[in-house]
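Chain by chain, the residues run as shown.
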Amino acid sequence: MDLGQGVLAGDPLAISRAITAAENGTPEGRRILEHIAPKIGNARRIGVTGPPGVGKSTAVDALTKVLRDRGERVGVIAVDPTSPFTGGALLGDRIRMNRMADDPGVFMRSMATRGAAGGLSRATQDAADLLDASGCQAVLIETVGVGQSEIEIARATDAVLVLLSPESGDGIQAMKSGLMEIADIIVINKADRPGSDKIEYEIRAAMELGLKSRRNTPILMTEAFRAKGIPELAGELDRFLGERRKDGRFAERRRENMKLRLRAIAEYMVHRELWGRDDAGERLAKAADSVLNRSMSSYAAAEKLVTEALK
Amino acid sequence: MTDAEFKRVLRDWETAAAKAAKEQRSRFPVTLVPGEKILYTHEDLKDFDPDRDLGVPGRYPFTRGPYENMYHGKLWTMRMFAGFGTARDTNQRFKYLLEHGQTGLSTAFDMPTLMGYDSDHARSKGEVGREGVAICTLQNMETLFGGIPLDQVSTSMTINCTASIALAMYLAVADEQKVPYSRLRGTMQNDMLKEYIAQKEWIFPPEPSMRVIVDMMEFCADHVPKFNTISISGYHIREAGSTSVQELAYTLKDGLTYVDYGIKRGIPVDKFAPRLSFFFNSHMNFFEEIAKFRAARRIWARHLKEHYGAKNPESWRLRFHTQTAGCSLSAQQPENNIVRTAIEALAAVLGGTQSLHTNSMDEALALPTEPAVKIALRTQQILAHECGLVDVIDPLAGSYFIEDLTNRMERECEAIFTSIDDMGGMVPAIERGYPQREIAKAASQFQRDLEEKRYIFVGVNDHVEKDEKPLPILKIDPRVERDQVAEVRKFKEKRDNGAAKRKLEAIVAAAKNNTNMMPPIIEAVKARATLGEICDVLRKEFGEWREPPIYW
Amino acid sequence: MKAKKPAKAVKAATTRGPRKIRVLVAKPGLDGHDRGAKVVAAALRDAGFEVIYTGLHQTCENIVNAALQEDVDAVCVSILSGAHMTILPEIHGLMKKKGMNDVLLCGGGIIPDDDAKELNGQGVGRLFGPGADTRDIIKYLNETIPKLRKR
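Residues numbered from 1 in each chain as written. Chains lettered and ligands numbered in written order. Predicted model: local features only at pLDDT ≥ 70, side-chain atom pairs only at ≥ 80, totals over all residues. Heavy atoms only, no water.

Asker: Which residues make up the overall build of chain B, and what values do they have?
Answerer: Of regular secondary structure, chain B possesses 23 helices and 10 strands. In terms of overall size, chain B behaves like a compact globule, its C-alpha atoms giving a radius of gyration of 24 Å where 552 residues would be expected to give roughly 24 Å. Over its C-alpha atoms, taken along the principal directions, chain B stretches across nearly 85 × 60 × 50 Å. Residues classed as buried in chain B amount to 61% of the 552 residues present. Looking at chain B alone, contacts between residues at least 24 apart form 78% of all its contacts between residues at least 6 apart. Carbon and sulfur atoms form 52% of the exposed surface of chain B, whose accessible area is close to 21,600 Å². For chain B, the distance from the average position of its 72 positive side-chain charges to the average position of its 77 negative side-chain charges is 2 Å. (Helix = DSSP H or I, 4+ residues; strand = E, 2+ residues; numbered from the N terminus. Rg over C-alpha atoms; globule rule 2.2 N^0.38 Å. Buried < 20%, exposed > 50% of the residue type's maximum accessible area, 1.4 Å probe, protein only. Contact = heavy atoms within 4.5 Å. Areas by Shrake-Rupley, 256 points an atom, 1.4 Å probe, with all protein chains shown as cover. Lys, Arg positive; Asp, Glu negative; His and termini not counted. Charge placed at Lys NZ, Arg CZ, Asp CG, Glu CD.)

Asker: Now, about the sheet that holds strand β4 (residues 104-109) of chain C: what can you tell me, with residues and values included?
Answerer: Read across the sheet, six strands follow the order β3(A)-β2(C)-β1(C)-β3(C)-β4(C)-β5(C) without closing on themselves; strand pairing throughout is parallel. Looking at strand neighbours, the two that pair on one side only are β3 (89-91) of chain A together with β5 (127-128) of chain C, the edges of this open sheet. Looking at chain direction, β3 of chain A and strand β2 (residues 50-53) of chain C are connected through three bridges and run parallel. Within β2 of chain C, the residue paired with L91 of chain A across the bridge is I52 of chain C. Across the face of the sheet, helix α4 (residues 84-97) of chain C comes into contact with β3 (74-79), β4 and β5 of chain C while running at roughly 165 degrees to β3 of chain C. (Pairing = 2+ DSSP bridges. Axes fitted to C-alpha atoms, helices over the stretch in contact; angles between N-to-C directions.)

Asker: Hey, could you go over the interface of chain A and chain B for me, with residue numbers and the actual values?
Answerer: Listed per partner, the contact involves 14 residues of chain A and 13 residues of chain B. Here chain A and chain B share two salt bridges between them. Note that E431 of chain B and R193 of chain A form a salt bridge whose closest N and O atoms lie 2.8 Å from each other. Applying the counting criterion to the chain A and chain B interface returns three residue pairs in polar contact (both at pLDDT 80 or more). Residue assignment for the side of chain A that touches chain B shows that the elements contributing at least two residues are α4 (56-69) and α5 (94-97) of chain A. By residue number, the principal contributor to the side of chain A that touches chain B is α5 of chain A, which donates three residues. Residues that form the side of chain A that touches chain B fall into these classes: four nonpolar, two polar and eight charged. (Salt bridge = Lys/Arg side-chain N within 4 Å of Asp/Glu carboxyl O. Polar contact = N/O pair within 3.5 Å; in protein donor to acceptor, adjacent residues only side chain to side chain. Nonpolar A, V, L, I, M, F, W, Y, C, P; charged D, E, K, R; others polar.)

Asker: I'd like a rundown of the interface of chain A and chain C, residues and numbers included.
Answerer: The interface of chain A with chain C comprises 38 residues on the first partner and 41 residues on the second. Between R94 of chain A and E70 of chain C there is a salt bridge, with the nearest N and O atoms lying 2.5 Å from each other. Joining chain A to chain C, the criterion identifies 24 residue pairs in polar contact (both at pLDDT 80 or more). When grouped by side-chain class, the residues that make up the side of chain A that touches chain C number 15 nonpolar, 13 polar and 10 charged.

Asker: Report on α4 of chain A, specifying residues and quantitative values.
Answerer: Residue and element names in this part refer to chain A. Along its 14 residues, α4 runs 20 Å from first to last C-alpha, staying within 8% of the 20 Å computed at 1.5 Å per residue. Across the 14 residues that make up α4, a large majority, 11, are buried. All buried positions along α4 are accounted for by K56, S57, T58, A59, V60, D61, A62, L63, T64, V66 and L67. Where α4 ends, the next residue or the one after it, G71, has phi of about 95 degrees, a positive value. (Expected span 1.5 Å × (residues − 1).)

Asker: Outline unusual backbone geometry, supporting the account with residue identities and numerical values.
Answerer: Omega for the bond connecting Y60 of chain B with P61 of chain B falls within 30 degrees of zero, at 0 degrees, which places this linkage in the cis form. With respect to the secondary-structure elements, P61 of chain B resides in the loop between α2 (50-54) and α3 (70-73). Even without being a glycine, K190 of chain A presents a positive backbone phi close to 55 degrees. The class for K190 of chain A is buried, based on a relative accessible area of 15%. Despite not being glycine, H57 of chain C has its phi angle at roughly 60 degrees, a positive value. With respect to the element layout, H57 of chain C can be found in the loop between β2 and α3 (60-70). On the accessibility criterion, H57 of chain C (11% relative accessible area) is buried.

Asker: Account for the packing of aromatic side chains, with residues named and values stated.
Answerer: Residue and element names in this part refer to chain B. Taken as a whole and assessed by the stated rule, the structure comprises 21 aromatic pairs over all chains. A ring pair is formed by F286 and F287, whose centres lie 5.1 Å apart and whose planes are at 80 degrees; its orientation type is edge-to-face. A centroid spacing of 5.4 Å and a plane angle of 55 degrees characterise the contact between F446 and Y455, whose relative ring orientation is tilted. Pair check on accessibility: F446 and Y455 agree, each one buried. (Phe/Tyr/Trp six-rings, centres within 6.5 Å; stacked < 30°, edge-to-face > 60°.)

Asker: I'd love a proper account of the packing of helix α13 (residues 286-307) of chain B against helix α15 (residues 336-350) of chain B, names of residues and values included.
Answerer: For any two helices packed against each other, one specifies the crossing angle of their axes together with the interaxial distance. All names here are of chain B. One can describe the packing of α13 onto α15 by two numbers: an axis separation of 8 Å at closest approach and a directional angle of 30 degrees. In terms of orientation, α13 and α15 fall into the roughly parallel class. The handedness of the crossing between α13 and α15 comes out as right-handed. In this structure, α13 contributes F286, E289, I290 and F293 to the contact, and α15 contributes I343, L346, A347, A348 and L350. Residue composition of the contact of α13 with α15, grouped by class: eight nonpolar, no polar and one charged. (Parallel < 35°, antiparallel > 145°, perpendicular 65-115°, else oblique. Left-handed = near helix turned anticlockwise from the far one by under 90°.)

Asker: Explain the environment of V139 of chain A to me, using residue names and the numbers behind them.
Answerer: Residue and element names in this part refer to chain A. Examined against the element boundaries, V139 turns out to sit in strand β5 (residues 138-142). Between the C-alpha atoms of V139 and T49, which are 90 residues apart in sequence, the distance is 14 Å. With residues up to four places along the chain from it excluded, the contact list for V139 reads A43, R44, R45, I46, G75, I77, A128, L131 and D132.

Asker: Provide a residue-level description of the pairing of β2 of chain C, including the pertinent values.
Answerer: All names here are of chain C. Every second residue of β2 is oriented toward a common face, with E50 and I52 on one face and V51 and Y53 on the other, all of them buried. Inspection of the sheet shows strand β1 (residues 22-26) paired to β2 by four bridges, in the parallel sense. If you follow V25 over to β2, its bridge partner there is Y53.

Asker: Which residues make up the nonpolar core, and what are the values?
Answerer: Soluble globular proteins tend to pack their nonpolar side chains together in the buried interior. Counting residues in hydrophobic clusters, the biggest one holds 171 residues, and the most contacted among them are L184, L252 and I534 of chain B together with L141 of chain C. Those residues within four positions of L141 of chain C in sequence are excluded, and the remaining contacts are V23, L44, F49, A74, C76, L104, C106 and P146 of chain C. In terms of nonpolar packing, the next biggest core, distinct from the first, is built from 41 residues, I32, V79, A127 and A183 of chain A among them. (Core = buried A, V, L, I, M, F, W, Y, C linked by side-chain atoms within 4.5 Å.)

Asker: Residues and numbers for the sheet that holds strand β8 (residues 276-282) of chain B, please.
Answerer: Residues and elements named next belong to chain B. The sheet built from five strands is open, its strands ordered β1-β10-β9-β8-β7 with parallel pairing. The open sheet has two edge strands, β1 (77-78) and β7 (230-233), and neither has a second partner. Alignment of strand β9 (residues 320-324) against strand β10 (residues 355-357), held across three bridges, turns out to be parallel. Bridge pairing in β10 places T322 opposite L356. Across the sheet, α13 lies against β8 and β9, angled at about 160 degrees from β8, the strand it touches most.

Asker: How would you summarise a nonpolar patch on the surface if you had to cite specific residues and measurements?
Answerer: Residues and elements named next belong to chain A. Together, V270, V306 and L310 make up an exposed nonpolar region whose accessible area comes to about 230 Å². With respect to the secondary-structure elements, V270 resides in helix α12 (residues 249-275). The exposure class of V270 is partly exposed, given its relative accessible area of 36%. (Patch = residues over 30% accessible without salt bridge, like charges linked within 9 Å, V, L, I, M, F, W, Y side chains within 5 Å.)

Take a look at the structure:
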């Protein structure tokens, strides 16, 4: 089966295998990405992040249902960290979302970060492209909002939802971790629990003190488990994106995102050329020797490696 | 001898003992032992206060037992869990066990019944009558207890999220037998908190489940006073892989949580607490298990009296049923399991259990065959009659090791209570996956200990025999599912659908109005609504639970 | 727990983009005993696999659809309820129907030897019983998957 054609036709087996090919960086993967390139761009890409335990999976599940009820095709990518010690990963987001598995209008994929420094692997965006090209009108990307990954998610999407809950501790903590800076919409989930008013108040107070550009970030209250507040969330997203499409910010963000992405891909390519080949270790060892036995400077040796790799 | 002199004696002993030590022992994977301590002396009980910490049996703090005369007054109930196939099959097994000396009935239900699906539901396919008896209609319950007078037996039902419906059916059968509710004795397991933590049989999320449980507590306190409304369970927590301390702490914390909710409902603590009972596991680390049971009684008594201010000593008194550990049994060389079960049963008796189920040797593989279950029952009978076990109450009290271990278990347990309180209590802890994650970690650690032979499991990772001949095991006849499905269909055809539907609506109304749901459930059952139908209307009302995506 | 040196594993993961083995661990039916499934999932993760865990109470359809979307190399099903002679053939049939012919179906739980043999005869992979060593499971997957998977 021609996977590129299969992806454009929306065939789930093709999409699935195409994502694998892209993730593994194979020549076939590249071919498929070339093939689908003209069809990318229709899907809205929404990031969903927040500390563990706030109910992201439940919210994504509920939001997907709302979008499905409108007749949209939805792609969901759930990203979890690869263990730095073992190289393996436990991808458990389907636990809360697997009822979607039977809906042909939803495609869900779990992806591990595979050591990506920023928390989102290069392949996550490739997967989003594939889902986009296959006909999804919305692609939801769920990540755990700790550490560096928040910035990444903002730069890979058209909008970021940051989820918090009354139990996710101090609203101020969330502020400190950088989540506020990237949130386009703040969602306080489990709003039926005690403390939801308190956390809303803390966030608004902190926003007053923070970046001017973020002061008007909408804050929504939801109970994702009962789907309460989720249609309103979908509406708010529509409003957010609609506004930005009109005033050019949507396109501008996409351009900035793409610049960053191209940098990442270019650097990945160079990196692969330099260190990905089988003889990389050998060449590096030889170069090191030539510096240590004084036949050339370290800069000259490095330059030699680069020119040879990029030939 | 002075303290200083004794210390010298001890040091001297330590040196001599260390010299002779050669072999690397198998270490049971427990949390408490680490300690290379191999000898306990009076030094370890320096702060021990027998009045405060020990007492006498039947008196606060109940460390030595819940009743004054323990097995002298009444031997523990030999209650063997049974249930499989159709109601007719189980009814036969019940009668077999009663004839052979069993003194209480304990019912196992099949997965569809436990999960709220009728036998003819798509999700029930392949699972009807497999892990227990299929009960979805009142007719099934009538057959199950056919010829068994309910006022003469004590019945335990191992059922949780559908417990309210099973109880309603049992009460309907009592009505048919003209037995007043006040004479019914038994236990409903009905412990949803441990389901979310360990056994994983659920329908609704925690809050609505708690509501249904408190409805049952309230109803039984008024109408079925001899029924234990919750069997707060640690057995499954342990089976899921927890350590003994985790089993102790999560179980007791669950119990205290039910007390909280009962009090919040407005039921006076002394009205419902006496009917809370417990269900523990008895695993292979012999002494630790005994200490666990003793610590459990003391911890519960202390909390009920001092924290909740209960005045009735029956509220302070923790009573429990024990089952020997299923997860300690091997599929390999299953005859060895007879020995394991005997040791675990011994620990339970020395720990003062009120009722006991001993596993059959083939239970690692399937539901037990009749010959195997008979040996398990005989094990209890031998313990009761042949070894002088019941001559003296709490014979291990005063042992330096046992008392120290009991104290340490209590301390560790309180520490876990504090972490759970910091999360806002057991329900929030469950929602964020805390006990589930801890158990998964403990289970993984045990597996590693096993694979790296830090723990020797005879016949499994050592003393292995190649080419073992397989034991004959119980196979469920596929006709069971066919027959049951046919019966359920016929049952639904023969009834007044309008009446059943109206009674189902009444249940939903009670759910919405926050009135006690037991009376409408009983009515619905009598109007021949099925278990699955009742659960379906409640699924719509309360929603369905899925596990939090936890990582371990 | 022993830990591999981080640098080596990370490097291996990013520079050559090696093919990771992806496995779906599934709990079908109403059986709620997930101790084994979780222990195996963690062990596979510790051996460098990417493990997708579906959670409990999945239907056979759910499981196969998830396996397809996740493009897994193996579907490992855990069944302790006795319903294996219904469930495993159903999953196997669905996998074949969806063209997942190079995906391994294996599993574990309480499955008597004679039933296991019959299932093996139908094309189901190895079934691991109580007392199985996770190292054997890992070895089995590492050896069998490359043979099946030609891509």
